[in-house]
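Per-entry structural report
Now for the letters of each chain:
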Amino acid sequence: MAEHVILFAGPMGVGKTTAIRSISEIGVVSTEADNTDRETADKPTTTVALDYGEIAVGEDEKVRLYGVPGQRRFSFMWRILAERAIGMILLVDNSAADPIADLLAGIDDFRELIDRGGAVVGLSRLDAAPRPTVLEHTAAIAAAHPGLMIPVIPVDPRAAGDVRLALMTLIATIEMRDAFRPEEAR
Amino acid sequence: MIPAHRDPVVIDEARAALRELRARSRSLTLATLLTDDGFEIASEPDGHAADGRLPSMASSIQALADAVAREVAIGSGEFVIIASSRGHVIQRRVPGRPIVLAALFADDETLGSALAATRLITERLAAVAPTR
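Residues numbered from 1 in each chain as written. Chains lettered and ligands numbered in written order. Predicted model: local features only at pLDDT ≥ 70, side-chain atom pairs only at ≥ 80, totals over all residues. Heavy atoms only, no water.

1. Some thoughts on the packing of helix H2 (residues 75-82) of chain A against helix H2 (residues 53-71) of chain B
- Here H2(A) crosses H2(B) at 55°, and the two axes come no closer than 9 Å. Our classification of the angle between H2(A) and H2(B) gives oblique. Every residue of H2(B) that contacts H2(A) at A:Phe76, A:Met77 and A:Arg79 is listed here: B:Arg53, B:Ser56, B:Met57 and B:Ser60.
- The residue makeup of the contact of H2(A) with H2(B), split by class, is three nonpolar, two polar and two charged. (Axes fitted to C-alpha atoms, helices over the stretch in contact; angles between N-to-C directions. Helix = DSSP H or I, 4+ residues; strand = E, 2+ residues; numbered from the N terminus. Parallel < 35°, antiparallel > 145°, perpendicular 65-115°, else oblique. Contact = heavy atoms within 4.5 Å. Nonpolar A, V, L, I, M, F, W, Y, C, P; charged D, E, K, R; others polar.)

Okay, here's the thing in structure tokens:
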């Protein structure tokens, strides 16, 4: 059985655990601790190691879904999990103080994975904060990283259909990049 | 409620507990008390918790160990041991508190005595640290 690892990344409180719970076909393994940093994200618990879920794709393929902690002090977990991953869904809360900065920081933090595999940006809370728009996020990526192809789509982490769409978009992006990659680099 | 890593009373108690651990275990190399979500409360020697990386890593390891214990339904985890050729790390939760002790011992400390010392310290700290 082929297995693929996909990361869910993004700042603390953006909805990574919720997104994995939305689509996982197994009970999600969570590593949540009491959150003492309520100024950064006002929620009772926070992920300190990983979230883990799975979905089957057909009979012979399994996608392992890993959520990484949002806080930078856990960046060692980003590196450990990124090594095994083929791609990443970067969630960005559009109602945050500076969502473009969160977007660009997430790309910088996982650039090696993005270059090796692929990424999709899932914009959440667009209903509460319609600006910057999807196009403005796309333009910010193009300005900061010319030539880098990262689709940006609206995602409600609570909506399984939204999260599945982001996942399918990511898989299509990775497959397309593989198809166009020079033979010797595959 | 003040988080444990910003509560001067808890920080003082944590420092005293770590000093006691040092007095009991001459091979103690480094010890830190941390919140469940990876913030350093106190360390021994003071300020040597490797730029906050040890508390963060200890927090992740503790959460993973707790997740495994949950998954295989063996109750709550009591302690975690990382044994290597030149020493061992013992992690132990302060009973009933969102606080974890991570202690690095050189290899001349027997595992038994290190476990006993960390148990004594965490139980003592449980009496004075805030509950969840």
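2. What to know about a negative patch on the surface
Residues and elements named next belong to chain A.
- Taken together, the side chains of Glu-59, Asp-60, Glu-61 and Glu-175 make up a negatively charged region of the molecular surface.
- In this structure, Glu-59 sits in the loop between strand E3 (45-57) and strand E4 (61-67).
- Residue class for Glu-59 comes out exposed when judged on its relative accessible area of 74%. (Patch = residues over 30% accessible without salt bridge, like charges linked within 9 Å, V, L, I, M, F, W, Y side chains within 5 Å. Areas by Shrake-Rupley, 256 points an atom, 1.4 Å probe, with all protein chains shown as cover. Salt bridge = Lys/Arg side-chain N within 4 Å of Asp/Glu carboxyl O. Lys, Arg positive; Asp, Glu negative; His and termini not counted. Charge placed at Lys NZ, Arg CZ, Asp CG, Glu CD. Buried < 20%, exposed > 50% of the residue type's maximum accessible area, 1.4 Å probe, protein only.)

3. Here we look at the packing of aromatic side chains
Residue and element names in this part refer to chain A.
- Within the structure shown, the criterion is met by three aromatic pairs over all chains.
- Both rings, one in Tyr-52 and one in Tyr-66, keep their centres 5.0 Å apart while their planes meet at 50°; by these two values the pair is tilted. A residue pair is termed long-range when its members are at least 10 positions apart, and Tyr-52 in strand E3 and Tyr-66 in strand E4 qualify at 14 residues. With respect to class, Tyr-52 is no different from Tyr-66; both count as buried.
- Residues Trp-78 and Phe-110 carry aromatic rings whose centres are separated by 5.5 Å and whose planes lie at 35° to one another, so their mutual orientation is tilted. Here Trp-78, found in helix H2, pairs with Phe-110, found in the loop between helix H3 (99-109) and helix H4 (111-116); they are 32 residues apart in sequence, far enough to count as distant. (Phe/Tyr/Trp six-rings, centres within 6.5 Å; stacked < 30°, edge-to-face > 60°.)

4. Brief notes about the nonpolar core
- Core analysis: the largest hydrophobic core is formed by 35 residues, its most contacted members being A:Leu7, A:Met88, A:Phe110 and A:Val121.
- Per element, the largest residue contribution to this core is five residues, and it comes from H2(A).
- Beyond its immediate stretch of four places on either side in the chain, A:Phe110 contacts A:Leu7, A:Ala9, A:Val68, A:Trp78, A:Ala82 and A:Met88.
- Core analysis: the next-biggest nonpolar cluster, separate from the first, contains 25 residues, B:Ile11, B:Ala14, B:Leu18 and B:Leu115 among them. (Core = buried A, V, L, I, M, F, W, Y, C linked by side-chain atoms within 4.5 Å.)

5. Re the sheet that holds strand E1 (residues 2-9) of chain A
Residues and elements named next belong to chain A.
- Strand order in the open sheet formed by seven strands is E2-E3-E4-E1-E5-E6-E7, with mixed pairing between adjacent strands. Each having just a single partner strand, strand E2 (29-34) and strand E7 (152-154) make up the two edges of the open sheet. Mean inter-strand twist for the sheet, computed between neighbouring axes without regard to direction, equals 20°.
- Taken together, the five bridges between E2 and E3 define a ladder with antiparallel strand orientation. Bridging from a neighbouring strand, Ala-33 pairs with Thr-46 of E3.
- Against the sheet, H2 contacts E1, E3 and E4, and its axis sits at roughly 15° relative to E3. (Pairing = 2+ DSSP bridges.)

6. Some remarks on unusual backbone geometry
- For the peptide bond that leads from A:Arg131 to A:Pro132, omega is -5°, which places it in the cis range.
- Within the fold, A:Pro132 resides in the loop between strand E6 (119-124) and helix H5 (134-144).
- Look at the link from B:Glu44 to B:Pro45: it is a cis peptide, with omega at 0°.
- Mapped onto the fold, B:Pro45 is located in the loop between strand E2 (40-44) and H2.
- You will see that A:Arg125, though not glycine, has its phi angle at about 60°, which is positive.
- By the secondary structure assignment, A:Arg125 is in the loop between E6 and H5.
- A positive phi angle is found at B:Ala73, which is not glycine, with a value near 55°.
- Within the secondary structure layout, B:Ala73 lies in the loop between H2 and strand E3 (79-84).

Without other data, these values stay purely geometric and don't point to any function.
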